[in-house]
Amino acid sequence: GKADFKTPINIEVSRASKSAIKAIEACGGSLTSVYYNKLGLRALTKPQKFEVIPRFARPMKKKDIAFYSDEANRGYLAGKTEVIGMDH
C-alpha cells in the first residue's frame, strides 16, 4: 500500500488515483497520465511485433481531453496550448 511506498519512481500510466499520485510524489517520484489506445498499448508491451513503432493516438473524446489536460491528474497535455501533432 501507499504507506510502504518509499522508493522514488518516474512512471507513465493511463490513470491514477489522487492518493497514488500523492504517494509517488511524496517519496520524490513523478507520475504522468498518458492516453493510450489499444494499438499504442500493444506497441509498448510487444515492440518486437512492429517493424516501426506507430505514433501514439491522441484522445478524441472531450472527457479524455479534459482529463489528460488537467494538471491535478498529472496529464501529459497539461499546459499545452497546441494538442494536434504534439509528441509526448
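Residues numbered from 1 in each chain as written. Predicted model: local features only at pLDDT ≥ 70, side-chain atom pairs only at ≥ 80, totals over all residues. Heavy atoms only, no water.

Q: I would appreciate a short explanation of the overall build of the protein in the present structure.
A: Each helix and strand in the protein was counted, giving three helices and two strands. The linear arrangement of helices and strands in the protein, starting from the amino end, is β-α-β-α-α. The long-range fraction of contacts in the protein, counting pairs at least 24 apart against all pairs at least 6 apart in sequence, stands at 35%. Carbon together with sulfur atoms contributes 56% to the accessible area of the protein, which is approximately 6,300 Å² in total. (Helix = DSSP H or I, 4+ residues; strand = E, 2+ residues; numbered from the N terminus. Contact = heavy atoms within 4.5 Å. Areas by Shrake-Rupley, 256 points an atom, 1.4 Å probe, with all protein chains shown as cover.)

Q: How do you make sense of the pattern of salt bridges when you look at a structure like this?
A: Two side chains of opposite charge can pair, provided their charged atoms sit close to one another. The full count for this structure, using the stated rule, is two salt bridges. Across the pair R74 and E25 runs a salt bridge whose closest N-O atoms are separated by 2.7 Å. Highlighted residues: R74 in the segment after α3 (62–69) and E25 in helix α1 (residues 18–26), separated in sequence by 49 residues. E25 sits in the partly exposed class, given a relative accessible area of 31%. (Salt bridge = Lys/Arg side-chain N within 4 Å of Asp/Glu carboxyl O. Buried < 20%, exposed > 50% of the residue type's maximum accessible area, 1.4 Å probe, protein only.)

Q: Any chance you could explain the packing of aromatic side chains here in plain terms?
A: Aromatic ring pairs are defined here through the distance separating the ring centres and the angle between the ring planes. The tally for this structure, following the rule as stated, stands at four aromatic pairs. Taking the centre distance of 5.9 Å and the plane angle of 75° together, the rings of Y35 and Y68 count as edge-to-face. In this pair, Y35 is assigned in the loop between β2 (30–33) and α2 (38–45) and Y68 in helix α3, connecting sequence segments 33 residues apart. Given a relative accessible area of 18%, Y35 falls into the buried group. On the basis of relative accessible area, Y68 is assigned to the buried category, the value being 3%. Measuring from ring centre to ring centre gives 5.0 Å for F67 and Y68, while their planes differ by 80°; the resulting arrangement is edge-to-face. Taken together, Y35, F67, Y68 and Y76 form an aromatic cluster joined through their ring pairs. (Phe/Tyr/Trp six-rings, centres within 6.5 Å; stacked < 30°, edge-to-face > 60°.)

Q: Sorry, what's going on with the pairing of strand β1 (residues 10–13) here?
A: Along any regular strand, the residues point their side chains to alternate faces of the sheet. As judged from the four bridges shared by β1 and β2, these two strands associate in the parallel manner. Pairing of E12 across the sheet is with T32, part of β2. (Pairing = 2+ DSSP bridges.)

Q: Teacher, can you tell me more about the confidence of the model for the protein here?
A: Note: predicted coordinates in regions of low pLDDT should not be interpreted at a detailed level. Of all residues in the protein, 89% attain a pLDDT of 70 or more, and the chain-wide mean is 89. Considering each helix and strand of the protein separately, the mean pLDDT is smallest for α1, with a value of 93, and largest for β2, with 96. (pLDDT = per-residue confidence, 0-100.)

Q: For this particular structure, what's the right way to read the environment of E12?
A: Positionally, E12 belongs in strand β1. Separated by 23 residues in sequence, E12 and Y35 have C-alpha atoms that sit 9.5 Å apart. Filtering out sequence-adjacent residues up to four positions away, E12 remains in contact with T32, V34 and Y36. One polar contact links E12 to Y36, side chain to side chain, over a distance of 2.9 Å. (Polar contact = N/O pair within 3.5 Å; in protein donor to acceptor, adjacent residues only side chain to side chain.)

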